[in-house]
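Descriptive analysis of the structure
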Amino acid sequence: MEWREGEETRMGKNGYLPLFETRPARGLVFFRSYAASIFIGICFICFHRVSYFPVTERWVWVGMFVAELWFSFYFFVTVIVKWNPVFRSTFKDRLSSRYEEEELPGVDIFVCTADPRLEPPTMVVSTVLSVMAYDYPPHKLSVYLSDDGCSDLTFYALLEASGFAQLWLPFCRKLKVEPTSPEAYFQTTPEPVDDAFMANEWLIIKKTYEDMKTRIGSMTRLGKVPADIRKEHKGFDEWDFVVSRHDHPSILQILIDGRDPNAIDIEGKALPTLVYLAREKRPQIHHNFKAGALNALIRISSRISNAPFILNVDCDMHSNDSKAIRDALCFFLDEENGREIGYVQYPQTFGNLTKNEIYGSLRVVMKLELAGFDGNGGPCYIGTGCVHRRESLCGMKYSKELVVEWKAMKYDRKIIEKASSIEGNCKALASCTYEENTPWGKEMGVKYGCVVEDILTGICIQSRGWRSVYLTPQREAFLGMVPTTLLDTLVQHKRWAEGDFQIFQSKLCPFVYGCQNMPLKLQFSYCIYLLWAPNCFATLYYVFVPSFCMLKGISLFPKISSSWGMPYLYVIVVHRVHSLVEFVWLGGTVRGWLNEQRMWMFKRTTSYFFAAIDNILKLCGFSKSAFIITGKVADDDVNRRYEQESMEFGTSSPMFTALATLALFNLFGLVVVGTNKAINDDARIKVFDIFGFQILLCCVLVFVNLPIYQGMFFRKDSGMG
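Residues numbered from 1 in each chain as written. Predicted model: local features only at pLDDT ≥ 70, side-chain atom pairs only at ≥ 80, totals over all residues. Heavy atoms only, no water.

If you check an unreviewed UniProt entry, the protein appears there as Cellulose synthase-like protein E6 isoform X2 from Gossypium hirsutum. Annotation of the protein in UniProt includes, under Subcellular location (unreviewed entry), the sentence "Endomembrane system". (UniProt positions renumbered as here; feature names shortened; annotations may be inferred.)

As C-alpha cells, this is what we get:
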C-alpha cells in the first residue's frame, strides 16, 4: 500500500474517523544496520573469491563462487521483503456505529474439501459450523461447501450439521463462544461451574455434538450411508447417478435456505444459508483441482446469494475469532482507502503445532514476511483465510470511477424462487463443460494451469490495479492443521515450490505481467517464494562439494589463521544469530529454531530439488501437474510420536533416500578426517588451519542430520517402517 505512515489515524477530509490504521514495525534500525553489515561482508567474500582464483581445481572454486552469489541474491530479496513491514489494526466499534446490522453487506463463505479419507467429515463440518456461527447478521451469511470427492458421507455429515446448527448458533451467542468450532471449543473450554443452568445447557450441547460426531464417525468407518437413512432426505437420490468420484453429474443441495422464514434456530433467529456442491466431473475432462472448485462456487453463489464479499477457508481451517469478518470489512468499507482493496489476507496459523515445531512452521513467513509484502504493496494470496471483493476475483480491473452499490442490496425474507428450482437452474453452472471457450480460469476467477493457483490469482488481481492488505489480529482468525509426518511436510513443500517456480518461468511472472501496476519492490518480494525450487542447486553444492573436496585434500575457503576468514565467519555467524533472535522474538523457542534450520536443509535438498526436476521435465513435455492432498488424519501411534517430537520415517520415499545419502556422506567425511588426517598434534593443527571451515560445515551438517542417524541406527519403533 502507498498509504503514508500514520495517515489512517488522522481525521479524514470529511471529518470521518478511519476504520483502520497502519503502523510500521519496530526495530527497523537494527535490522537495516545488520543488513548493511552483512552486505559489506558479502563484498569482502566476493573480492576474495575473485582475487585468490586458484590455478588448479578452478571449476570447483567457480562453483562455490556461483553458489555464494546465489545466496547473496536471495539474501538481497529477503532484505527487500523485511525492509519495511507494516501492521494493521481495525476499529470495529466505528464500523458498528457507522453501519446498522441491516446495512452491512452480505458475505459468501467457501469451504473446500476433496477426499473424506484424508479430510474426515467430522473435521469438515466442525469448520462449517465455526463459520456459520460468526458474530454477524446470520441472514447476511451464506456458507458453501465444495465437495470434490463427491462423497455421500460428506453430504450426510453436512446434513447432520445443518440440524445441529439450530442449537449451536444460539449457544454461541449466549455464551459468546470462542472458538466457534464445536470440536475446538469442547477440547479447550471446561464446563462452566459458576452457573448451574448454563452448566446444564453446556453439557446438553456437548452431548448432542458428541452424538452427532459418533453418528458421522460410524458412517465414515462403514464407508457408506445405509438405505434407511438415505430415504430420509431427497438429496441422497443424486448419488444414484454417481459412477465414481471422477465421473458424476453436478450435485447441488440447499440444506438451509436463508431466505425462507422457516429457516430459524431454536430461538427463532434466522440461520445462514447452507449449500452443498459437488461439481460435475468426467474422466476425459480436466477439472483444474481446487481452482476449478472455487470458480464453480463463485458462479453458483452469484446465482443464490451474490454477496459482494467472499471468504474462502480450507476445510481444516476453523474460525478462531467470531469477529473476523467485521475486521475485514473495516478495510473494504473505509470511505477513503477501502475502494481500491481487492482482498484482505489473514495469516495461516495452526492449532496442532508441537512446542518446538518438530517439522518447522510458517512462523517467520506469516508473522513477518507477509507483513513485509504489505509494506511493499500488498500481501500475496495464500489460498485460505482470505476475504475477496467479488469484483476483483471475477476479473474486473480497478479504477477510481468504479463504485459498487452494495448498500442497495437489501435483504428480503420473501422467497422469490423456490430452493428446488434454484438447485435445478444452477447445476449447469457447475458442469464440467461450462467453462469451455470462456474467460474462466484465465481472465475470470481463480487461475488455472498451476498447482499454486492462489499465488497466481493474487498476482493477477494486483496486476489489475487492486491492492491487498495483511491483517494479523491479536487473536488468530483461523487455526488449521500442519502435517504430522516428515514425508507429508516435504511433499507439501514440493508442491508449493514446484508451482511457485512454474509461475516465475511463465508469462504471468510478476516482472512481466505485473510491471505496470505492481511496485518493483513487490515484484522482487515475490521472488522469495517463486525461487524456492532453484535454491536447491546452490544448497546441494554447499552440502556435498566441500565435504568431498575435504576428502580429496582440496581447500575451498581461506585458512583459519588468515584474515580473509573473518568475512566468512562474520556473515555465517551473524546471519544465523539474527535468524535465531528473529525467530524467538516472533514467539518461537531456541529448539524450535534448530528444528526450523533442520527442515530448511531437508526441504532444500529434497522438496525443492524434486520440484526443480519436475519443472524441467514439464518444460521438456515429460510430465504434467498433479494436485496432492495433504493428509489431515493419522493413526494413534503417529500422533503419539508427533506429540513427542520424534520424526516419522514410516513410509519409503526417494526423498528419504536423498536425505540418508547426504547424511551418511557427511558423516563419512567427518570420520575420515578425524581418523586419517589428525594422527598427531602437528597434523591436527595443520589440518584444522587449512580445512577449518570445511570441517565446521561438515560438523554442522552432521548435527542437522542427527534424527536421520538416530532413525537408521538406533530407533526400532514403527515410525521407521
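Next, the rest of the story.
What follows deals with the overall build of the protein. Helix and strand content of the protein: 24 helices and 12 strands. Against the 2.2 N^0.38 benchmark of 27 Å for 721 residues, the protein shows a C-alpha radius of gyration of 28 Å, consistent with a compact globule. Across its three principal directions, the C-alpha atoms of the protein cover 90 × 65 × 60 Å. Considering the protein as a whole, with its 721 residues, one finds that 58% of them fall into the buried category. (Helix = DSSP H or I, 4+ residues; strand = E, 2+ residues; numbered from the N terminus. Rg over C-alpha atoms; globule rule 2.2 N^0.38 Å. Buried < 20%, exposed > 50% of the residue type's maximum accessible area, 1.4 Å probe, protein only.)

Here the UniProt-annotated "transmembrane region" (unreviewed entry) positions come out as residues 33-53, 59-81, 526-548, 568-587, 608-634, 654-675 and 687-709. The span residues 568-587 shows a helical share of 90% and a strand share of 0%, and its end C-alpha atoms are spaced 29 Å apart.

With that settled, the discussion passes to the pattern of salt bridges. What the rule picks out here adds up to 35 salt bridges. One salt-bridge network, in which partners are shared between bridges, spans Arg 173, Lys 174, Glu 201, Asp 265 and Glu 267. (Salt bridge = Lys/Arg side-chain N within 4 Å of Asp/Glu carboxyl O.)

Moving on: the nonpolar core. Membership of the largest hydrophobic core comes to 94 residues, with the highest contact counts inside it found for Ile 300, Leu 370, Phe 373, Leu 486, Tyr 526 and Phe 602. Beyond its immediate stretch of four places on either side in the chain, Leu 370 contacts Val 365, Pro 379, Cys 380, Ile 382, Tyr 470 and Tyr 529. (Core = buried A, V, L, I, M, F, W, Y, C linked by side-chain atoms within 4.5 Å. Contact = heavy atoms within 4.5 Å.)

With that settled, consider helix α14 (residues 453-463). Across the 11 residues of α14, 11 count as buried, placing the element largely inside the fold. With its phi angle positive at about 100 degrees, Gly 465 sits one or two positions after the end of α14.

Attention now goes to the environment of Tyr 99. Topologically, Tyr 99 is positioned in the loop between α3 (92-98) and β3 (107-113). Engagement of the side chain of Tyr 99 in a polar contact is seen with the backbone oxygen of Leu 333, the distance being 3.4 Å. (Polar contact = N/O pair within 3.5 Å; in protein donor to acceptor, adjacent residues only side chain to side chain.)

This paragraph deals with a nonpolar patch on the surface. Side chains of Met 566, Leu 569, Ile 572, Val 573, Val 577 and Val 581 sit close together on the surface and give an oily, nonpolar patch of about 530 Å² of accessible area. Along the polypeptide, Ile 572 turns up in helix α19 (residues 565-585). The class for Ile 572 is partly exposed, based on a relative accessible area of 47%. (Patch = residues over 30% accessible without salt bridge, like charges linked within 9 Å, V, L, I, M, F, W, Y side chains within 5 Å. Areas by Shrake-Rupley, 256 points an atom, 1.4 Å probe, with all protein chains shown as cover.)

Take the confidence of the model for the protein next. Confidence along the protein averages 90 in pLDDT terms, with 92% of residues attaining 70 or more. The least confident element of the protein, judged by mean pLDDT, is helix α13 (residues 419-426) at 82; the most confident is strand β10 (residues 386-389) at 98. Across residues 1-10 the pLDDT falls below 50, and counting only partners more than four positions away or on other chains, this stretch makes 30 contacts in the model. Confidence drops under a pLDDT of 50 for residues 408-415, and excluding neighbours within four residues, the segment shows 19 contacts in the predicted structure. (pLDDT = per-residue confidence, 0-100.)

Turning our eyes to something else, we now look at the pairing of β3. Along β3, 7 of the 7 residues are buried, which leaves the element largely enclosed by surrounding structure. Across the two faces of β3 the burial is the same, with Val 107, Ile 109, Val 111 and Thr 113 and Asp 108, Phe 110 and Cys 112 all buried. With 7 bridges joining them, β3 and strand β4 (residues 141-147) adopt parallel strand pairing. Bridge assignment links Thr 113 to a residue of β4, and that residue is Asp 147. In terms of handedness, the path from β3 via helix α4 (residues 121-132) over to β4 forms a crossover that is right-handed. (Pairing = 2+ DSSP bridges. Right-handed = clockwise from strand over helix to strand, strands pointing away.)

Let us look at the side chain of Glu 357. Tracing the sequence through the fold places Glu 357 in the loop between β9 (341-345) and α11 (363-376). Assessed through its relative accessible area of 4%, Glu 357 is described here as buried. Leaving out residues up to four positions away in the same chain, Glu 357 has contacts with Arg 363, Phe 583, Asn 595 and Glu 645.

The subject of this paragraph is the environment of Lys 269. Among the secondary structure elements, Lys 269 is positioned in the loop between β5 (251-256) and β6 (273-278). For Lys 269, a relative accessible area of 43% puts it in the partly exposed group. Between the C-alpha atoms of Lys 269 and Gln 505, which are 236 residues apart in sequence, the distance is 52 Å. Sequence-distant contacts of Lys 269, defined by excluding residues within four places in its chain, comprise Arg 173, Ala 263 and Ile 264.

As a further point, take the packing of aromatic side chains. As enumerated under the stated definition, the model contains 43 aromatic pairs in all. Between the aromatic rings of Trp 168 and Phe 171, the centroid separation amounts to 5.6 Å while the plane-to-plane angle is 35 degrees, which identifies the pairing as tilted. Taken as a pair, Trp 168 and Phe 171 lie in helix α5 (residues 152-175) at a separation of 3 residues, close to a single helical turn. For the pair shown, Trp 168 and Phe 171 are each scored as buried. Measuring from ring centre to ring centre gives 6.0 Å for Tyr 343 and Tyr 381, while their planes differ by 55 degrees; the resulting arrangement is tilted. Here Tyr 381 lies in the loop between α11 and β10 and Tyr 343 lies in strand β9, a separation of 38 residues in the sequence. Tyr 381 carries the same exposure label as Tyr 343, and that label is buried. (Phe/Tyr/Trp six-rings, centres within 6.5 Å; stacked < 30°, edge-to-face > 60°.)

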